[in-house]
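For reference, the chains in residue letters:
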Amino acid sequence: METDLTNKTVRQYIDAVSDQYYPMTGPVIALMAAHAAALAEACMQLSLDHQVDKLDWQDVTGRIGQMAHFKDTLVEWSNQDIASGRIDDALAAVNGYRLALCDYSTEIAKLSTQAARLIQDFRPLTYRQVAGDLDIAVSLLTGTARAALQLLADNLTVEIGSDSVQKYRVVMADLTSQLAQLTAAQPT
């Protein structure tokens, strides 16, 4: 299988996911988060474009740059996990492999949470016509962070050592707490 699926069309990527002999849960979560970050980046840019006389250009372009970095990093994480799925079931029980999967899902959860927090901090600067779209991006990012944490929890069900399990449980609790502090607008 090709290891750079993100250079394919959306249809080709989706077909590749459904055609694998292992679930590509991590790459799907990472790419969903990248899509949400792209939506947020567009909303932030539109906010600047329509309020260039009101907003601090340097501050806002810095924030847009941060969101672009989250987007690009999440796309790369989507590609990084693809090769790990080729490892057979016998090797999957090896601690190093499981720890790598735990690190992977932890990083996706962290990046999604950080991107959602960046959006939340940007909300007061949002152009009114894209405020709802930006709120949707927060919902998508918090959802992908929760999905990545669910993947982490699933990976912790395999024996990887009690010290490692404890370390990841602390990370999960911290990220869950951070997610609880993020708020998405509720539908009216």
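Before reading further, recall that the structure is shown in the block above.
Fair warning: this is a prediction, and the values are worked out from it, not measured in the lab.

Mapped onto the elements of the fold, Gln178 is located in helix 7 (residues 162-181). In this structure Gln178 comes out as buried when scored by relative accessible area, which is 19%. Side-chain polar atoms of Gln178 contact the side chain of Asp174, separated by 2.9 Å. In contact with Gln178, not counting residues within four places along its chain, are Thr113 and Arg117.

So, on to the packing of helix 6 (residues 131-155) against helix 7. Closest axis-to-axis distance for the helix 6/helix 7 pair is 11 Å, and the angle between their directions is 160°. Our classification of the angle between helix 6 and helix 7 gives roughly antiparallel. The two elements helix 6 and helix 7 meet at a crossing, and its hand is left-handed. Packed against helix 6, whose contacting residues are Thr142, Ala145, Arg146, Leu149, Leu152 and Ala153, the element helix 7 presents Tyr168, Met172, Leu175, Thr176 and Leu179 at the interface.

All right, on to the pattern of salt bridges then. Here the structure, examined in full by the defined rule, presents 4 salt bridges. Note that Arg11 and Asp15 form a salt bridge whose closest N and O atoms lie 3.9 Å from each other. In this pair, Arg11 and Asp15 are both assigned in helix 1 (residues 10-18), 4 residues apart and thus about one turn of the helix distant. For Arg11, a relative accessible area of 56% corresponds to the exposed category. Residue Asp59 pairs with Arg63 through a salt bridge whose shortest N-O separation is 3.2 Å. In this pair, Asp59 and Arg63 both sit in helix 3 (residues 57-84), 4 residues apart, roughly one turn of the helix.

Procedures and definitions
- Residues numbered from 1 in each chain as written.
- Predicted model: local features only at pLDDT ≥ 70, side-chain atom pairs only at ≥ 80, totals over all residues.
- Heavy atoms only, no water.
- Helix = DSSP H or I, 4+ residues; strand = E, 2+ residues; numbered from the N terminus.
- Buried < 20%, exposed > 50% of the residue type's maximum accessible area, 1.4 Å probe, protein only.
- Polar contact = N/O pair within 3.5 Å; in protein donor to acceptor, adjacent residues only side chain to side chain.
- Contact = heavy atoms within 4.5 Å.
- Axes fitted to C-alpha atoms, helices over the stretch in contact; angles between N-to-C directions.
- Parallel < 35°, antiparallel > 145°, perpendicular 65-115°, else oblique.
- Left-handed = near helix turned anticlockwise from the far one by under 90°.
- Salt bridge = Lys/Arg side-chain N within 4 Å of Asp/Glu carboxyl O.

Any functional reading would require information that these geometric values do not contain.
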